[in-house]
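This is what each chain is made of:
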Amino acid sequence: MSGNEEPRVLGFLCNWCAYAGADLAGVSRLQLPANFCVIRTMCSARTEPLFLFKALLGGMDGVLVAGCHPGDCHYQRGNYFTRRRLVMVQEILKALNMEHERVRLHWISASECSLYQKVLTEFIEDLKGMERNVARDEVFL
Amino acid sequence: MSEAPRGATIQSEEGPRALVPLLARALEKGTSDAVLLPLRTPGQDSYAFVLVKDPRLLRQADPLPPVQTVTGGRALSSLTRHGGGGVRILAVMRPCEARGAIELSKLGQVDLKDVTLITMDCPGTVPLQRFARGDLRPSAVGFADQDIRPICQVCDLSCAAVGDLHLGWGEGLAPILIPMDERGAEALLAMGLRAEGDTSEWRTTVSSRSQERRERREERLGQLRVASSGLDNLMVRLDSCINCHNCMRACPICYCRVCAFDIRRQERSANEVLDLAKARGSMRLPMDTLMFHLGRMNHMSLNCVSCGACEDACPAGVPIAQLFAMVSDRTQSAFKYRAGMDRQQRSPLITFLEKELEGEDGQRC
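Scope of this entry: the structure provided in the associated data block. Small disclaimer: the values here were computed from a predicted structure and weren't measured.

All right, on to the interface of chain B and chain A then. Each partner contributes to the interface: chain B provides 47 residues, whereas chain A provides 34 residues. Buried area between chain B and chain A, summed over both chains or domains, comes out near 3,900 Å², and the portion from carbon and sulfur atoms is 63%. Where chain B packs against chain A, one counts 3 salt bridges. Across the pair A:Arg83 and B:Glu356 runs a salt bridge, and its minimum N-O distance is 3.9 Å.

This is how it looks when you write it as structure tokens:
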């Protein structure tokens, strides 16, 4: 990214794992990036693919989806569906050559606050290495 | 079927029209209650799917019209959406339409319980708009036709035997009816035919034709991929879109009664648009042209059968079917799925395996 502009990142965090992990990261006073907005969902499977595209076309530089590890879903199998959907989203972005690196899926449990910090910092570092999202300036969306 | 299927050769010069007397025979015999197939409309200048009970009406039938109007999957869905009601139907349609019907049956929009699907080698169709204007009215469609739609030119499944009964006739072959399963064999028996003929000639022809088309598909869609690569180029492909949503309405797979993009609640409020306008400076209104197409890619690209109904319906000439073919080839192959080809395989997003999709190309999760 040019200058000292910070990438903007949106996260969809599952209420039972990743969100609790984020909460624990806060309670543990871990240093976290400030340019990250969180939307809490009751399950990562609630993240409809359209949400991701809406965020990207709206000018977000990155979107993170985080949920429970496979097998640990609070609703038994929601995250398996999330995994399939995210693969579909990635494939669509790849087919259109639209920077699939901007969408990420991670499994973060409620106790993994340091993993949460690591994932977030790495994601934002990677985004800093990219150009800013062209959708932010696109007129004819 | 493990062993090579055998078929019944029909003595006829008429290609797919050879089916008509056979369908009439099946109706008269009473093994089927009705036939669903394209008929010439009274004005003689279009075609429509008609449910026929009277064998005499079949005389106007044209099993393989030169143009695709309403797709067969849609026609079948309007009839069997709430269950077939025990009406035994012989449904005659192109392979892509039959694949649409099969996808719809997986989505609970078509009941195939009492339906015998009859497909045939398809030479492709001409663009609907040119047909409607009257400047392209082929009486007989050949197999090397340059006038067919771009999406038909890259169709590698034009001879896919997805029906219970398939009519092979392309490239100068004598028509041969091939039962693909039990139900097809029963229908063939009702037509008074026996599957005793050898189908190897048809199979060789089809496989070389499909191979040729597959190569052309990869080449053409690859070119389109380069031409529409990235957000700016994609917008160039889509910029004549007039937001009419015809592509969605004509699509056999888009069955939702109310599309997510037509819901009032989903619309951005005037205040929201105003805020965005302040933040962005300039933007096209109404918004979300690209969002609509991306949304459809999310919602139906895994079930897309490349029938081209969307491109026929587009008044602005957006190559939407080719864009969807490009995307859906990729998404479907990620799940080793090909829409409408396997009735047993479940639609990718409603099923999963505990261990799958890990690190095939780079980090996925």
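Still more ground to cover, so stick around.
Another aspect to go through is the packing of aromatic side chains. Residue and element names in this part refer to chain A. Counted according to the given criterion, the structure contains 7 aromatic pairs over all chains. Ring geometry for Trp16 and Tyr75: centres 6.5 Å apart, planes at 75°, overall edge-to-face. With Trp16 in the loop between strand 1 (9-14) and helix 1 (18-27) and Tyr75 in the loop between strand 3 (62-67) and helix 3 (78-95), this residue pair connects regions lying 59 residues apart in the sequence. Classification of Tyr75 by relative accessible area gives partly exposed; the value is 37%. Between the aromatic rings of Phe36 and Tyr116, the centroid separation amounts to 6.4 Å while the plane-to-plane angle is 70°, which identifies the pairing as edge-to-face. Of this pair, Phe36 sits in strand 2 (residues 36-41) while Tyr116 sits in helix 4 (residues 113-128), placing them 80 residues apart in sequence. Over the ring of Tyr19 we find Arg40, and its NZ or CZ is 5.4 Å from the ring centre.

Residue and element names in this part refer to chain B. As enumerated under the stated definition, the model contains 5 cavities of 30 Å³ or more in all. For the largest cavity, the lining is made up of 16 residues, of which Cys96, Cys122, Cys152, Cys155 and Ser158 are closest to its centre. At the level of secondary structure, the elements contributing two or more residues to the lining of the largest cavity comprise helix 3 (95-106), helix 5 (150-153) and helix 7 (200-227). In terms of residue class, the lining of the largest cavity is made up of 9 nonpolar, 3 polar and 4 charged.

Moving on, we get to helix 7 of chain B. Residues and elements named next belong to chain B. Spanning 28 residues, helix 7 covers 40 Å between terminal C-alpha atoms, matching the ideal 40 Å at 1.5 Å per step. Every buried residue belonging to helix 7 is among Trp202, Thr205, Val206, Arg209, Ser210, Arg213, Arg217, Leu221 and Leu224, and all of these are buried. Packed against the buried residues of helix 7 are helix 5, strand 6 (165-168), strand 7 (176-179), helix 8 (230-238) and helix 13 (320-334).

Thresholds, definitions, all that
Residues numbered from 1 in each chain as written. Chains lettered and ligands numbered in written order. Predicted model: local features only at pLDDT ≥ 70, side-chain atom pairs only at ≥ 80, totals over all residues. Heavy atoms only, no water. Contact = heavy atoms within 4.5 Å. Buried area = accessible area lost by both parts, 1.4 Å probe. Salt bridge = Lys/Arg side-chain N within 4 Å of Asp/Glu carboxyl O. Phe/Tyr/Trp six-rings, centres within 6.5 Å; stacked < 30°, edge-to-face > 60°. Helix = DSSP H or I, 4+ residues; strand = E, 2+ residues; numbered from the N terminus. Buried < 20%, exposed > 50% of the residue type's maximum accessible area, 1.4 Å probe, protein only. Lys NZ or Arg CZ within 6 Å of the ring centre and 35° of its normal. 1 Å grid on protein atoms, 1.4 Å probe; cavity = no way out; pocket = protein on both sides within 12 Å on 5 of 7 lines; lining within 4 Å. Points joined across faces, edges and corners; volume = space filled by probe spheres on them. Nonpolar A, V, L, I, M, F, W, Y, C, P; charged D, E, K, R; others polar. Expected span 1.5 Å × (residues − 1).

Just geometry here; none of it tells us what the structure is for.
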